[in-house]
Structure formats: structure tokens, C-alpha cells
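# Report on the structure
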Amino acid sequence: MNAQRSPVLRRIGLTCMVCGLALAAAGTVGLALGSSDLGFSGVWRVLTGKEPPDSTIASIVWNLRFPRVMLAAVVGATLSLGGLVFQALLRNPLAEPYILGISGGSAVGAIAGILLGMARAGIALMAFSGSAGTLLLVLVLSSGRGPARTDTLLLAGVMVNAFCSAVIMFLVSLTQDARLHNILFWIMGDLSMSGGRAVLYLALSVAPCMVVVFVLARPMNLLLLGQESAAHMGVNVRAVTVTLLLLTSFMVSATVSHCGLVGFVGLVMPHLFRMVLGPDHRVLVPTCLLGGGTYMVVCDLIARTLPEQGEMPVGVVTALVGAPLFVVLLKRSAR
């Protein structure tokens, strides 16, 4: 048993070290670059305590850029892990949190909370209620005797997601005041409203879910063989499936309530890492967490530095980068 585990542990350690260094490098660049170019030397002085805490540079780093970099890392890790979970459950490399309407339901709840003038906690609760409602609806539509079939879940998710998109457009059409611009910007993915305390609460809320997903990595490996084969190998297919769906819906709804809809992260990153590292979820789960966080930090850096004035929604960057990248990955996997 130890001989079988040691190669896996070595692979996990090696990939975590590489992805962790990449995340640290991306985070450092994210702290240094922006509308005010602080330079790496300025960031180093702040991080080492050589810069006075009440200086302008320290204020920019700790109050503005550090929370935003942390939020981008948490959001990227969560969406990447969510895509990995859905691809394992549906045995479909095109699956991601949007495919079952989880993100769409979260957005419906969050927009309703915004229109009702709720605080961030209320918006987060509305987002989770929307995701839980859409998840329940998908499970009911795909339910039958025995575990739900993956193709039925997929079709039900597509239908529910289309309905949620229509509801979002309906709610936006009812808005006639200044909130319309904020809602539209938020729908495309917005990391600009990132406070240190809010980012901390988000990280603490999704971290236990990530740990549970890692614990269930082996059952996810067995689910790739099919639900019947996994059940014969001792996996409680229904319990594992429902647990992973609930955890993923909670994580996605928490991120949606903070930054809106960000696409292609949960689609591209798991597919990329699976092509490089293979199908073992014990390796893929920590890799998607660190690699997805790195990818989102880089995309957010592009979103706030590329325009000459202001910034663009990060969801625009993830779509512009993710869509061509995914086409390339599909071509390579087809060969």
C-alpha cells in the first residue's frame, strides 16, 4: 500500500510545488503592476516591512491590490475545481458549473438581492438559494429509478441554464436606474469590489468544501469507470454525487455573489491539467486549485492593466483567452 501511495504523493508534491511557485509569481506581478506602477522593489519593501505602513505604496498594496489578488486566486481555484467535479460526475470534458445551471441560478438570486437593496451577506444568501434551487430542479428533472444518468443530468442542466439566462435578462430589463450599469458589469465578471474582510470570509467558507472534495478524489476516480462499476467497487454513488453537487453549488454561489459570472475557467483549466497529468483526481484536485488560481490572477491583471483608462470585466478576458485555448486543446486531444 505504501509503495503504491508514494508515487502519487511525489506527483502531488511536485505539481503543488510548481503550481504554488507559479501562483506566487503571478501574485507578485499582480501586486506590482496596475494603474500605479509600484515596481517589484516597492512591493518587496512593503512585504518585508521596510516601507512605512502609512505610506501610499503600502496602502495601495494592502488595501487595494492584495485583496484583489487573493480574491482572483480564490475565485479561480473554486471555478476550476467546480469544473473538475462536474466533468468527473458527468464524464464529459465539456462540463462546468454553468452546465447544470448552478452559476445561472446563483446569478438570478444575486441580482434579485441587488435589486432588493440587500447587503453583501444577503446577496450571498440569495445566490446560494438560487443555486440550491436550480440544483434541486435539475435533480428532480433527471430523477428516476436508480442513480441519475449523466446524459439526463446534462440535458436538464442545459434547459435550466437557458431558463436562468432568460430570467436574468428579464430582471435586467426591469432596471431603469444607475444600477443597470453595475449589474451588467457584474454579470460579465467583476473583481473590483474586493475588500479584505469579504475575501477572508469567502476563503474560509469555501476551504472546507475543497478539503472534502480532495477526500472524495478516489471515489471520483472510480466514477470515471461508470456508476455501476463504481457501485460494485463499494462507492455509494448517490451519496457521493449529491455531496459533490451540493458542495460545488455552494462554492460556485459564494464566488458568483462576490464577482458575478466568470466563464471558461471551469471548462479550460481541468481539461488542460487532465491532458498533462492524467485522470487521477488525487493529483488533479490540488493542481486545479493552485493552477486555476494562477490563471485567474493573470487574467485579472490583464483586465486591469490592458485598457488605457479604467478596466474591463475579468469575464471578458477569461472568454477571450479561454475560448481559443479550449479549441486548441480539443484539436490536440482529437489527434
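A brief look at the structure comes next. As the structure is a prediction and not an experimental result, all values here were calculated from the model.

## A few points about the overall build of the chain
Each helix and strand counted, the chain has 14 helices and zero strands in total. When the helices and strands of the chain are listed from N to C terminus, the series reads α-α-α-α-α-α-α-α-α-α-α-α-α-α. Against the compact-globule benchmark of 20 Å for 335 residues, the chain has a radius of gyration of 20 Å, which places it among compact chains. Here the C-alpha coordinates of the chain stretch approximately 65 × 55 × 35 Å along the principal axes. A burial count over the chain gives 49% of its 335 residues as buried. Look at the contacts in the chain between residues 6 or more apart in sequence, and 75% of them connect residues 24 or more apart.

## As for the packing of helix α3 (residues 56-90) against helix α8 (residues 196-215)
One way to put it is that α3 packs onto α8 with a least axis distance of 10 Å and a crossing angle of 25°. Of the possible angle classes, the one that applies to α3 and α8 is roughly parallel. In the crossing of α3 with α8, the sense of the turn from one axis to the other is left-handed. When α3 is examined against α8, the residues P67, M70, L71, V74, A77, T78, L81 and V85 are found in contact with a partner set consisting of G196, V199, L202, A203, V206, M210 and V213. Among the residues making up the contact of α3 with α8, the classes are represented as 13 nonpolar, two polar and no charged.

## Observations concerning the pattern of salt bridges
When the charged atoms of two side chains lie near each other, side chains of opposite charge can form a pair. In total, this model carries five salt bridges according to the counting rule given. With a shortest N-O distance of 3.0 Å, R282 and D280 are connected by a salt bridge. Its relative accessible area of 31% is what places R282 among the partly exposed residues. Note that D300 is salt-bridged to R304, the shortest N-O span being 3.4 Å. Residue D300 and its partner R304 are located together in helix α13 (residues 281-305), separated by four residues, close to a single helical turn. Of the residues examined, D300 reaches a relative accessible area of 1% and is grouped as buried. A single network of salt bridges, built from pairs that share partners, joins R68, D300, R304 and E311.

## What to know about the packing of aromatic side chains
The final tally for this structure, using the stated rule, is two aromatic pairs. Seen in terms of ring centroids, W62 and F66 are 5.4 Å apart; in terms of plane orientation they differ by 65°. Their pairing is edge-to-face. Here F66 and W62 lie together in helix α3, a separation of four residues that amounts to about one turn. Overall, W62 belongs to the partly exposed group, its relative accessible area being 38%. The exposure class of F66 is partly exposed, given its relative accessible area of 33%. Consider the rings of F128 and F250, whose centres lie 5.4 Å apart with planes at 75°: the pair is edge-to-face. Here F128, found in helix α5 (residues 120-142), pairs with F250, found in helix α11 (residues 237-259); they are 122 residues apart in sequence, far enough to count as distant. Under the relative-accessibility criterion, F250 is labelled partly exposed at 29%.

## Overview of the packing of helix α12 (residues 265-277) against α13
One can describe the packing of α12 onto α13 by two numbers: an axis separation of 10 Å at closest approach and a directional angle of 130°. Overall, the two elements α12 and α13 adopt an arrangement that is oblique. Once α12 is placed against α13, the crossing between them reads as right-handed. Contacts between α12 and α13 involve V265, M269, P270, F273, R274 and L277 from the first element and V283, L284, T287, C288, G291, G292, Y295 and M296 from the second. Grouping the amino acids of the contact of α12 with α13 by side-chain chemistry returns 10 nonpolar, three polar and one charged.

The rules behind these values
Residues numbered from 1 in each chain as written. Predicted model: local features only at pLDDT ≥ 70, side-chain atom pairs only at ≥ 80, totals over all residues. Heavy atoms only, no water. Helix = DSSP H or I, 4+ residues; strand = E, 2+ residues; numbered from the N terminus. Rg over C-alpha atoms; globule rule 2.2 N^0.38 Å. Buried < 20%, exposed > 50% of the residue type's maximum accessible area, 1.4 Å probe, protein only. Contact = heavy atoms within 4.5 Å. Axes fitted to C-alpha atoms, helices over the stretch in contact; angles between N-to-C directions. Parallel < 35°, antiparallel > 145°, perpendicular 65-115°, else oblique. Left-handed = near helix turned anticlockwise from the far one by under 90°. Nonpolar A, V, L, I, M, F, W, Y, C, P; charged D, E, K, R; others polar. Salt bridge = Lys/Arg side-chain N within 4 Å of Asp/Glu carboxyl O. Phe/Tyr/Trp six-rings, centres within 6.5 Å; stacked < 30°, edge-to-face > 60°.

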